[in-house]
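What follows is the residue order along each chain.
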Amino acid sequence: MPITSDTAVAAIFGDPIEHSKSPAMHNAAYAALGMSRTYAAFRVTAGNLGPALRAIHPLGIVGVNLTVPHKQAAARIIKDLSGEARMLGAVNCVVNRRGVLRGDNTDARGLERDLRDLGCELRGRLAIVIGAGGGAASSVLACIRLGASRVVIANRTPARAVALARRFSARGARAAGEPRGLDALVDMELLADARLIVNATSMGLTTGRFARLDYNSTPTDCLFYDLIYSREPTEFIKPALAAGRRATDGAGMLVNQGELAFKLFNRVAPPAGVMRAALLKALGLLQD
Ligand code: NAP
């Protein structure tokens with residue numbers, strides 16, 4: 001659809017933002033639906049989050065996704081939060097409801113849906129989440145919802161793992177998170193029980209290397225899930241595949257959280273498969 005004076009706008013705020021595949025996914029869905037809407041990416045620095053959020057309503061922006069470094073800060077600024085955003089202490093989408101900003105979070109539901117699609121049966125099993133930031137919080141919630149009996153939170157800074165575990169136990173979660181340091185990744189006894197290991201850190205992305213992890217101690221049905229998505233297998237995934245384990249990156253979670261956000265912003269679901277195909281094209285994994 002051509003952009004006209006009637007075209008409504010949705011957006012993503014982040015810093016950096018150039019790498020974001022969300023504009024490709026959302027604009028593909030608008031095109032498929034023939035909607036006069038467009039989705040733009042704005043580089044919003046941490047210091048400018050407040051003014052940028054306050055501009056959403058005056059500019060008539062229908063909804064905004066938030067990415068690094070804004071998710072937790074937005075949960076402190078926005079008053080009207082969904083139960084999930086409150087539980088996670090993080091907002092990844094803001095819906096403009098006639099001037100009232102509603103903060104929600106679709107990351108946990110996005111991961112939960114992808115794990116279900118992958119047939120990852122967690123009932124009564126152990127999941128290990130590496131990290132203690134926003135992505136890790138969403139991962140812990142997804143694991144609890146899928147019925148995991150134990151969720152170990154392994155983080156470089158153990159105090160942050162303790163704080164995240166407390167967040168869930170204070171809110172009466174069925175399986176409390178068990179905080180650990182990264183030593184958990186070489187604890188052979190623990191690894192021998194793991195049905196799922198999620199990387200919710202930026203390790204491998206920024207440092208080029210992943211922490212030491214004893215892949216061979218995991219059971220053969222252990223699924224390795226990296227929240228990072230990329231064209232090539234990530235530093236977390238490569239050794240898992242070499243050890244003969246199933247492994248996947250976070251592209252499915254990204255598509256799912258995007259589809260859920262699209263519905264919140266536009267009150268209509270995107271056509272099935274359109275956002276996924278747009279992501280794969282943007283990653284260079286699918287030709288036109
Ligand atoms: P965050 O809140 O900033 O948390 C970063 C985490 O990474 C912390 O636990 C931090 O540990 C750990 N970390 C960073 N560098 C490390 C290193 N060199 N060694 C060990 N640990 C390190 O970030 P986030 O929002 O949770 O995002 C984490 C990752 O998930 C990012 O790559 C993000 O792109 C991805 N993500 C993907 C999706 C998706 O849809 N696929 C959704 C959400 C997030 P400390 O606490 O010790 O600093």
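Everything below is about the structure shown above.
Residues numbered from 1 in each chain as written. Predicted model: local features only at pLDDT ≥ 70, side-chain atom pairs only at ≥ 80, totals over all residues. Heavy atoms only, no water.

Asks: Lay out the side chain of Gln-257 in plain terms, naming residues and giving numbers.
Replies: Among the structural elements, Gln-257 can be located in helix α10 (residues 251-266). For Gln-257, a relative accessible area of 8% puts it in the buried group. Of note is the side chain of Gln-257, whose polar atom sits 3.0 Å from the backbone oxygen of Leu-254. When near neighbours in sequence (up to four residues on either side) are disregarded, Gln-257 contacts Asn-65, Asn-92, Thr-106, Asp-107 and Gly-110. (Helix = DSSP H or I, 4+ residues; strand = E, 2+ residues; numbered from the N terminus. Buried < 20%, exposed > 50% of the residue type's maximum accessible area, 1.4 Å probe, protein only. Polar contact = N/O pair within 3.5 Å; in protein donor to acceptor, adjacent residues only side chain to side chain. Contact = heavy atoms within 4.5 Å.)

Asks: Please provide a residue-by-residue account of helix α7 (residues 158-170), values included.
Replies: For α7, spanning 13 residues, the distance from its first C-alpha to its last is 18 Å, which sits close to the expected 18 Å at 1.5 Å a residue. Turning to α7, the residues buried within the fold contact α4 (83-88), α6 (134-145), β8 (150-154) and β9 (177-180). (Expected span 1.5 Å × (residues − 1).)

Asks: Mind laying out the sheet that holds strand β7 (residues 126-130), listing which residues take part and the relevant values?
Replies: Pairing within the open sheet is parallel, and its six strands lie in the order β9-β8-β7-β10-β11-β12. In the strand order of this sheet, the two ends are held by β9 and β12 (246-248), each with one partner. For this sheet, the mean angle separating the axes of adjacent strands, direction not counted, is 20°. (Pairing = 2+ DSSP bridges. Axes fitted to C-alpha atoms, helices over the stretch in contact; angles between N-to-C directions.)

Asks: So, the packing of helix α5 (residues 107-117) against α6: which residues are in play, and what are the values?
Replies: Axis separation between α5 and α6 bottoms out at 8 Å; the angle between their running directions is 50°. In terms of orientation, α5 lies oblique with respect to α6. Considering the relative orientation of α5 and α6, their crossing is right-handed. Listed contacts from α6 to Asp-107, Ala-108, Arg-109, Leu-111, Glu-112 and Arg-116 of α5 are Ser-138, Ser-139, Leu-141, Ala-142 and Arg-145. Residues of the contact of α5 with α6, tallied by class, amount to four nonpolar, two polar and five charged. (Parallel < 35°, antiparallel > 145°, perpendicular 65-115°, else oblique. Left-handed = near helix turned anticlockwise from the far one by under 90°. Nonpolar A, V, L, I, M, F, W, Y, C, P; charged D, E, K, R; others polar.)

Asks: Run through the pairing of β7, naming residues and quoting values.
Replies: Judged by how many residues are buried, β7 sits mostly within the fold: five of five residues are covered. Two elements, β7 and β8, share five bridges in a ladder whose sense is parallel. Across the sheet, Leu-126 pairs through a bridge with Arg-150, a residue of β8. Between β7 and its parallel partner β8, the chain crosses via α6, and the hand of that crossover is right-handed. As paired strands, β7 and strand β10 (residues 194-199) are joined by five bridges and run parallel to one another. Looking at the pairing, Leu-126 lines up with Ala-194 of β10. (Right-handed = clockwise from strand over helix to strand, strands pointing away.)

Asks: Can you tell me about the sheet that holds strand β6 (residues 100-104), naming the residues and giving the values?
Replies: An order of β2-β1-β3-β5-β6-β4 is seen for the six strands of this open sheet, with the pairing classed as mixed. Lying at the two open borders of the sheet, with one neighbouring strand each, are β2 (37-43) and β4 (80-81). Taken together, the four bridges between strand β1 (residues 8-14) and strand β3 (residues 63-66) define a ladder with parallel strand orientation. Across the sheet, Ile-12 pairs through a bridge with Asn-65, a residue of β3. Running at roughly 170° to β2, helix α1 (residues 22-33) makes contact with β1, β2 and β3 of the sheet.

Asks: Can you tell me about unusual backbone geometry, naming the residues and giving the values?
Replies: In this chain, Asp-15 is followed by Pro-16 through a cis amide linkage whose omega measures 5°. Secondary-structure assignment places Pro-16 in the loop between β1 and α1. Residue Val-68 is joined to Pro-69 through a cis peptide bond whose omega torsion reads 5°. The topology assignment puts Pro-69 in the loop between β3 and α3 (71-77). In the Ramachandran plot, Arg-267 falls in the positive-phi region, its phi being about 60° despite a non-glycine side chain. A residue is classified by how much of its surface remains accessible, and Arg-267, at 75% relative accessible area, is exposed.

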